[in-house]
Amino acid sequence: KVAAAILVIAGGIGSYLLLNKRSSSSDMAFTTYTTGIGEKKKITLQDGSLISLDAGTTIRIQDDFSKDRKIEMVDGQVFFDVKTDAERPFIIRSEGLTTTVLGTSFTVSAYKGLNNISIGVVTGKVRVASDTSALSVLEKEEELVFNKASRKYKKVPLDESLTAWQDGRLLMNDLSFDEMAVMLKKNYGVDVLPSDESIRRTRYTTELLTGMKPLQAIQVL
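Residues numbered from 1 in each chain as written. Predicted model: local features only at pLDDT ≥ 70, side-chain atom pairs only at ≥ 80, totals over all residues. Heavy atoms only, no water.

> Looking at this model, I keep getting lost on the overall build of the chain. Mind explaining?
Within the chain, the regular secondary structure consists of four helices and 16 strands. With 221 residues in all, the chain has 40% of them scored as buried. Within the structure as shown, the chain displays about 12100 Å² of accessible surface, and the carbon and sulfur contribution to it stands at 54%. (Helix = DSSP H or I, 4+ residues; strand = E, 2+ residues; numbered from the N terminus. Buried < 20%, exposed > 50% of the residue type's maximum accessible area, 1.4 Å probe, protein only. Areas by Shrake-Rupley, 256 points an atom, 1.4 Å probe, with all protein chains shown as cover.)

Right, here's the structure in full:
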């Protein structure tokens with residue numbers, strides 16, 4: 001009888017959680033936006049905020065902004081120019097980090113193939129938190145760099161590489177070979193492989209024009 005009762009209770013809990021999950025999913029619908037290789041896209045949101053997507057970016061935007069404004073960063077880099085609204089915070093989720101703002105302009109770089117997530121503020125102020133704790137409040141020309149492997153972070157002056165892509169420049173600042181290869185694939189559609197281990201161990205700091213042909217970009221590197 002005890003075993004049967006436990007099974008019945010477990011079944012009831014399971015049904016409740018399943019129904020609750022379906023309900024919350026239907027209540028919060030998202031639309032996915034993606035840019036291709038070398039493509040950039042500007043989107044005006046329903047609240048008047050403007051966002052710019054860098055090449056090879058995928059984001060999910062909440063359909064209903066009536067109570068709050070949520071965006072999920074799946075991959076890539078986005079510049080946000082957020083309209084002020086004290087009643088509806090603007091929330092960006094990116095691989096375990098949550099960035100919350102009321103009205104400001106900032107960039108989030110959250111490429112799946114890069115070791116770090118970077119959040120840089122151009123104007124205003126944003127609050128950044130992990131799944132377990134608050135990390136920092138960033139103000140104008142400040143950047144938070146979060147290492148996905150170690151879960152450690154640091155606050156540094158805003159690096160130009162977070163905003164230069166809007167002007168057609170790809171700035172790589174001390175990237176590993178694998179990270180550099182990700183950026184080349186996103187912007188020029190080419191795959192690069194090291195011919196030996198010494199090349200794989202090389203760090204890359206350089207500037208490329210996103211309008212370059214792929215061969216030109218590789219020659220610069």
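So that's the structure; there's more coming.
> What's the story with the sheet that holds strand E1 (residues 30-34) in this structure? I'm lost.
The strands making up a sheet are joined through hydrogen bonds of the backbone, oriented either antiparallel or parallel. Taken in spatial order, the seven strands line up as E1-E4-E5-E7-E8-E11-E12 in an open sheet, and their pairing is mixed. The open sheet has two free edges, formed respectively by E1 and strand E12 (134-139), since each of these has just one partner strand. Averaged over all neighbouring strand pairs, the angle between strand axes comes to 20 degrees, with direction disregarded. The pairing of strand E7 (residues 90-94) with strand E8 (residues 97-101) spans five bridges and is antiparallel. In the sheet register, isoleucine 92 faces E8, and the bridge partner there is threonine 99. (Pairing = 2+ DSSP bridges. Axes fitted to C-alpha atoms, helices over the stretch in contact; angles between N-to-C directions.)

> How should the layout of surface pockets be read in this particular structure?
It is a probe the size of a water molecule, rolled over the atoms, that shows where empty space is left. Considered as a void within the structure, the largest pocket measures approximately 590 Å³ in volume. Surrounding the largest pocket, 25 residues form its lining, Asn116, Ser118, Ser161, Asn173 and Leu175 being those nearest its centre. At seven residues, the largest contribution of residues to the lining of the largest pocket is made by strand E15 (residues 169-175). Looking at the lining of the largest pocket residue by residue, the classes come out as eleven nonpolar, seven polar and seven charged. (1 Å grid on protein atoms, 1.4 Å probe; cavity = no way out; pocket = protein on both sides within 12 Å on 5 of 7 lines; lining within 4 Å. Points joined across faces, edges and corners; volume = space filled by probe spheres on them. Nonpolar A, V, L, I, M, F, W, Y, C, P; charged D, E, K, R; others polar.)

> I would appreciate a short explanation of the sheet that holds strand E6 (residues 77-81) in the present structure.
Spatially, the seven strands line up as an open sheet ordered E2-E3-E6-E9-E10-E13-E14, and their pairing is antiparallel. In this open sheet, the two edge strands, each paired with only one partner strand, are strand E2 (41-44) and strand E14 (153-157). Mean inter-strand twist for the sheet, computed between neighbouring axes without regard to direction, equals 15 degrees. Pairing of E6 with strand E9 (residues 105-109), which is carried by five bridges, proceeds in the antiparallel orientation.

> What's the story with the nonpolar core in this structure? I'm lost.
Side chains of a nonpolar character, in soluble globular proteins, are inclined to be buried together. Ranked by size, the top nonpolar core spans 28 residues in total, and within it Ile51, Phe80 and Phe106 carry the most contacts. Not counting the four nearest positions on each side in its chain, phenylalanine 106 is found in contact with Val78, Phe79, Phe80, Val82, Ile92, Thr99, Val101, Ile119, Gly120, Val121, Val122 and Val126. Residues Leu175, Phe177, Tyr188 and Val190 belong to the second largest nonpolar core, which totals 16 residues. (Core = buried A, V, L, I, M, F, W, Y, C linked by side-chain atoms within 4.5 Å. Contact = heavy atoms within 4.5 Å.)

> Got a minute to help me understand the pattern of salt bridges in this structure?
Evaluated as defined, the whole model comprises 16 salt bridges. A salt bridge links arginine 69 to aspartate 47; the nearest nitrogen and oxygen atoms lie 2.5 Å apart. On the criterion of sequence distance, the pair formed by arginine 69 in strand E5 (residues 69-75) and aspartate 47 in the loop between E2 and strand E3 (50-53) is long-range, its members being 22 residues apart. Looking at arginine 69, the relative accessible area reads 0%, which means it is buried. As a salt-bridge pair, arginine 93 and aspartate 131 come within 3.3 Å of each other at their nearest N and O atoms. Of this pair, arginine 93 sits in strand E7 while aspartate 131 sits in the loop between strand E11 (125-130) and E12, and the two are 38 residues apart along the sequence. The partly exposed category is assigned to arginine 93, whose relative accessible area is 35%. Three or more residues are tied together by salt bridges with common partners; here these are Glu160, Arg169 and Glu207. (Salt bridge = Lys/Arg side-chain N within 4 Å of Asp/Glu carboxyl O.)

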